[in-house]
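The residues making up each chain are set out below.
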Amino acid sequence: MFKIKEQLSRLYLSSALGNLSLTGAWVAILAARGYNLVEIGIAETVFHITSLFFEIPSGILADVFGRKRMLIVSSIMRMIGNIVMIVSNNLFMVSLSLAFYALSYNFLSGTGDALAYDSLKLAKMEAGFEKYMSNQLTIQRICGGISTLCAGFALFIGYKMAYGTSLITNAVQIMILLSLQEVYVVNSQGGKENKIISRLFACFKKSIVFLKEVKKIVGLMLCNSLVGAIDVLLLFFLQAKLLEKGIPEWALGLALFLMEMGGVVGSRLILKFSEFSYKGVFVITMSLVLAGVLAEHSPWYGIMALGGFLAAIGDDALQVRTNAILQNMFPSEQRATLTSVESFTFSIIMIVLSPVAGFVFMYW
């Protein structure tokens, strides 16, 4: 008998383990190692170029071979990335590590959401997906906030020890993922008797046809990705900029944690405005993110941190609303693939914005 509560609880626990780390403030860690914001921006670009090439293929693999398997592959990729970062001694090695993190992100993004939605659908509870997304983003922000709260401790013990502890949480996460129940969807291509390449191509082709027929989906993806990209870059570079503006090292982790909590506020707040139009939500959330960008140029680190808090509110509020709308529109057999297309658009925007943001935040 399928137990939806146990399934969702395991997904929540896996998410918590995947986001708990002493290396949440990785930009600050790299800055402490001597890398400047332009070099960090280059490494970030490598992350998104890798993600660009593997995002959609990873989604197709999840739809064809199972979401549970790809979640496990995601954890393995993260473990490899941690190992490479531990032994890194130059920008190339750091960038290689971020490439493995990108692969981990690829196999994770969309896959967990697809498994959760189809699990809820199997239990005839798909109306609860928006609440699930809100819970997931809350978990991610709180755990991410705790991770950045440890920024000072990570700098104290050194990056090698900090990344080494992540290997332990990755191993535990894999054990949790192994206990998940796979939810199979009906595939009109005939299932396992087809050749692998044919099945992969058929899944991709059907997804492209679907996007062409429902063009509104692409617009939703672009809106969500733009707001998300600006917020992510802002919070990344604030890790270094706050120190430049004179915030005490002991207070850096606290400031980063409070900014992450903005996402918790946004993901919970949006549930109270279910009747609000998407256009209205987009305008408000984009305004909050842009206010955060303006605050980043303040000479006072307190105002800068407040801007990061506001931007996180906007980002997660739009993320919850957008994902709920999209998942209701996606067909089950291409759900992970189509969700990966959204991450693909995010990567394209980040590739353009990352080096530009690094230059702007460093010299403007």
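Each remark here, short or long, concerns the structure printed above.
Structural notes, computed from the coordinates. (Residues numbered from 1 in each chain as written. Predicted model: local features only at pLDDT ≥ 70, side-chain atom pairs only at ≥ 80, totals over all residues. Heavy atoms only, no water.)

### Comments concerning the overall build of the protein
Within the protein one finds 15 helices and zero strands. A compact globule built from 364 residues should have a C-alpha radius of gyration of about 21 Å, and the protein, at 20 Å, falls within 12% of that. Overall, the protein is about 60 × 45 × 35 Å in size when its C-alpha atoms are taken along their principal axes. Going through the 364 residues of the protein one by one, you find that 54% of them count as buried. Summed over its atoms, the accessible surface of the protein is roughly 16,000 Å², and 71% of this surface lies on carbon and sulfur atoms. (Helix = DSSP H or I, 4+ residues; strand = E, 2+ residues; numbered from the N terminus. Rg over C-alpha atoms; globule rule 2.2 N^0.38 Å. Buried < 20%, exposed > 50% of the residue type's maximum accessible area, 1.4 Å probe, protein only. Areas by Shrake-Rupley, 256 points an atom, 1.4 Å probe, with all protein chains shown as cover.)

### A closer look at the nonpolar core
Counting 60 residues, the largest nonpolar core has Leu8, Leu11, Tyr132 and Leu242 as the members making the most contacts within it. No other element matches helix 11 (residues 216-244), which puts nine residues into this core. Not counting residues within four places of it along the chain, the set of residues in contact with leucine 11 comprises Leu71, Gly112, Leu115, Ala116, Tyr132, Gln136 and Leu180. Core analysis: the next-biggest nonpolar cluster, separate from the first, contains 28 residues, Leu30, Tyr101, Ala162 and Tyr163 among them. (Core = buried A, V, L, I, M, F, W, Y, C linked by side-chain atoms within 4.5 Å. Contact = heavy atoms within 4.5 Å.)

### Some points on the packing of helix 13 (residues 278-295) against helix 14 (residues 301-329)
In a packed pair of helices, the relevant descriptors are the angle between the two axes and the axis-to-axis distance. Contact pair helix 13 / helix 14: the axes reach a minimum separation of 7 Å and the direction vectors enclose 155°. When the interaxial angle is binned, helix 13 and helix 14 end up roughly antiparallel. When the axes of helix 13 and helix 14 are compared, the crossing they make is left-handed. The residue inventory of the contact of helix 13 with helix 14, partitioned by class, reads 14 nonpolar, five polar and two charged. (Axes fitted to C-alpha atoms, helices over the stretch in contact; angles between N-to-C directions. Parallel < 35°, antiparallel > 145°, perpendicular 65-115°, else oblique. Left-handed = near helix turned anticlockwise from the far one by under 90°. Nonpolar A, V, L, I, M, F, W, Y, C, P; charged D, E, K, R; others polar.)

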